[in-house]
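Observations on the three-dimensional arrangement
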2 protein chains.
Amino acid sequence: MAEQAQFEELARQLSAVGAVKRDIGRILPPDCPAGSAAVLTLLGRHEEMRMSKLAELLAVDLSVTSRHVAHVAARGWIERSPDPADKRSRILRLTPAGNDQLVELSLRTSRLLEERLSDWTDDEVAQLIQLMTRLRASFGDCRSSVPRPAAPVSAETRTPAIT
Amino acid sequence: MAEQAQFEELARQLSAVGAVKRDIGRILPPDCPAGSAAVLTLLGRHEEMRMSKLAELLAVDLSVTSRHVAHVAARGWIERSPDPADKRSRILRLTPAGNDQLVELSLRTSRLLEERLSDWTDDEVAQLIQLMTRLRASFGDCRSSVPRPAAPVSAETRTPAIT
DNA sequence: TATTGTTATACTCTATAACTATA
DNA sequence: TATAGTTATAGAGTATAACAATA
């Protein structure tokens, strides 16, 4: 178990990596901002997905996902077919054009990282990835609503753990 | 040197840590959002600083810094005294109230991290901090304007390292 | 002329709430 | 009734550009 000063430093560094993210964002094509790029990347990995699943992987609200998906769909990068098993659902899939776009994105970001991290070893990069992945796992599905009662939660505790 | 797939994965994880940042943001006091918290944190560490220095540490544009600083100054958490050595400059310093606020912030974020990272060892946290710090260093002062020549950089290479 | 900082404006990302249509 | 997804709205964060004051 770590101590408070360490947690404070971690919080600081988490805040600071934003600069790196923005730097990557600057090299993206003008009509494909970070949100769209994230959608394409995940669809490139999972072949086929529902909105709700994508929202979970993006770790953002479904409404946010809907917007990003509408953006990439409008550009013909993905297709949204109805789910035969559940007519409320939509199945998302990358189009050939979307795949081309994804290749372009991957090239740009890889090139930037390759340049900036030229003095990193393969192992170091792998270690950072591993730790960041675990960090996210430790936070679970942390979208929206914080339970955090803080104040006494009246008698009838709000329906616990539907999760 | 790492390979492309690794860089793509790193980019993905960088994008994903945003969820962790937002989760931390949710436990902050309503009138002290992440931007303000970052200002207070850095001033808590450096005692005294100029706007430009703060902007550099925050890794955001000076205009953004100005806004955040105005926010915390309006709440009496910092004071802005004129710099006797340069009348254009302002010296920033935490007030006692600002220090109180900072203590509160540190408590909240530490508590959250402590809970979420309860199964991490001290060393693991330290390693993540170290790698993230290095990541940021590798990106240098990456605010605004991307140099990214891409095209051949004419004969007279742009004045190197004024930094 | 160049630099420090401020302000106005615009854009991206996000969440909440209200709504539609299915289950 | 509950769930999947959409849309409208609002708030936070950021960058660019124009500007003021000083170096």
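Now for a quick tour of the structure. Only a predicted model underlies this, so the values are computations on that prediction, with no experimental measurement involved.

**Some thoughts on the overall build of chain A**
The helix and strand tally for chain A stands at 7 helices and 3 strands. Taking contacts inside chain A between residues at least 6 apart in sequence as the whole, the part at least 24 apart equals 54%. On chain A, roughly 8900 Å² of surface is accessible, and the fraction owed to carbon and sulfur atoms is 52%.

**What about the protein's contact with DNA strand C?**
Near DNA strand C, the surroundings consist of 26 residues, among which Gly35(A), Asp61(A), Lys87(A), Ser66(B) and Arg88(B) are the closest. Restricting the count to atoms of DNA strand C within 4 Å of the protein gives a sugar and phosphate share of 67%. At a separation of 3.3 Å, a phosphate oxygen of DNA strand C approaches a polar side-chain atom of Arg22(B). Ser66(B) is positioned with one of its side-chain polar atoms (N or O) 2.8 Å from a phosphate oxygen of DNA strand C. Only helix H3 (34–46), helix H5 (62–74) and strand E3 (86–94) of chain A together with helix H2 (18–26), helix H4 (51–58), helix H5 (62–74) and strand E3 (86–94) of chain B provide two or more residues apiece to the surface near DNA strand C. For the surface near DNA strand C, the element with the most residues is H5(A), which contributes 4 residues. Here the residues of the surface near DNA strand C sort into 6 nonpolar, 9 polar and 11 charged.

**Focus on the side chain of Gln13(A)**
Tracing the sequence through the fold places Gln13(A) in helix H1 (residues 4–16). What makes Gln13(A) buried here is its relative accessible area of 9%. Contact partners of Gln13(A), with chain neighbours within four places excluded, come to Ile129(B), Met132(B) and Thr133(B).

**Description of the pattern of salt bridges**
Residue and element names in this part refer to chain A. Across all of its chains, the model carries 22 salt bridges over all chains by this definition. As a salt-bridge pair, Arg-116 and Asp-23 come within 3.1 Å of each other at their nearest N and O atoms. Taken together, the positions of Arg-116 in helix H6 (residues 96–116) and Asp-23 in helix H2 (residues 18–26) put the pair 93 residues apart, joining distant regions of the chain. The buried category is assigned to Arg-116, whose relative accessible area is 18%. Taking the shortest distance from any N to any O, the salt bridge between Glu-104 and Arg-108 comes out at 2.6 Å. Of this pair, Glu-104 and Arg-108 both sit in helix H6, 4 residues apart, roughly one helical turn. The class of Arg-108 is partly exposed, set by a relative accessible area of 25%. Salt bridges here are not isolated pairs; linked through shared partners, they connect Asp-23, Arg-26, Glu-115 and Arg-116.

**Side note on the packing of H1(A) against helix H6 (residues 96–116) of chain B**
The N-to-C vectors of H1(A) and H6(B) enclose an angle of 95 degrees; their axes lie 9 Å apart at closest approach. For the element pair H1(A) / H6(B), the angle class is roughly perpendicular. In this structure, H1(A) uses Gln4(A), Phe7(A), Glu8(A), Leu10(A) and Ala11(A) to contact H6(B), whose residues at the interface are Ser106(B), Leu107(B), Ser110(B), Leu113(B) and Glu114(B). Class assignment for the residues of the contact of H1(A) with H6(B) results in 5 nonpolar, 3 polar and 2 charged.

**Digging into the packing of helix H3 (residues 34–46) of chain B against H4(B)**
Residue and element names in this part refer to chain B. At a minimum axis separation of 11 Å, H3 and H4 run at an interaxial angle of 115 degrees. As the angle between them shows, H3 and H4 are arranged roughly perpendicular. Crossing angle aside, the handedness with which H3 passes H4 is right-handed. Between H3, through Ala-38, Val-39, Leu-42 and His-46, and H4, the contact on the second element is made entirely by Leu-54, Leu-57 and Leu-58. The residue makeup of the contact of H3 with H4, split by class, is 6 nonpolar, 1 polar and no charged.

The rules behind the values
- Residues numbered from 1 in each chain as written.
- Chains lettered and ligands numbered in written order.
- Predicted model: local features only at pLDDT ≥ 70, side-chain atom pairs only at ≥ 80, totals over all residues.
- Heavy atoms only, no water.
- Helix = DSSP H or I, 4+ residues; strand = E, 2+ residues; numbered from the N terminus.
- Contact = heavy atoms within 4.5 Å.
- Areas by Shrake-Rupley, 256 points an atom, 1.4 Å probe, with all protein chains shown as cover.
- Near = heavy atom within 4 Å.
- Polar contact = N/O pair within 3.5 Å; in protein donor to acceptor, adjacent residues only side chain to side chain.
- Nonpolar A, V, L, I, M, F, W, Y, C, P; charged D, E, K, R; others polar.
- Buried < 20%, exposed > 50% of the residue type's maximum accessible area, 1.4 Å probe, protein only.
- Salt bridge = Lys/Arg side-chain N within 4 Å of Asp/Glu carboxyl O.
- Axes fitted to C-alpha atoms, helices over the stretch in contact; angles between N-to-C directions.
- Parallel < 35°, antiparallel > 145°, perpendicular 65-115°, else oblique.
- Left-handed = near helix turned anticlockwise from the far one by under 90°.

Don't take any of this as a statement about function, it's just geometry.
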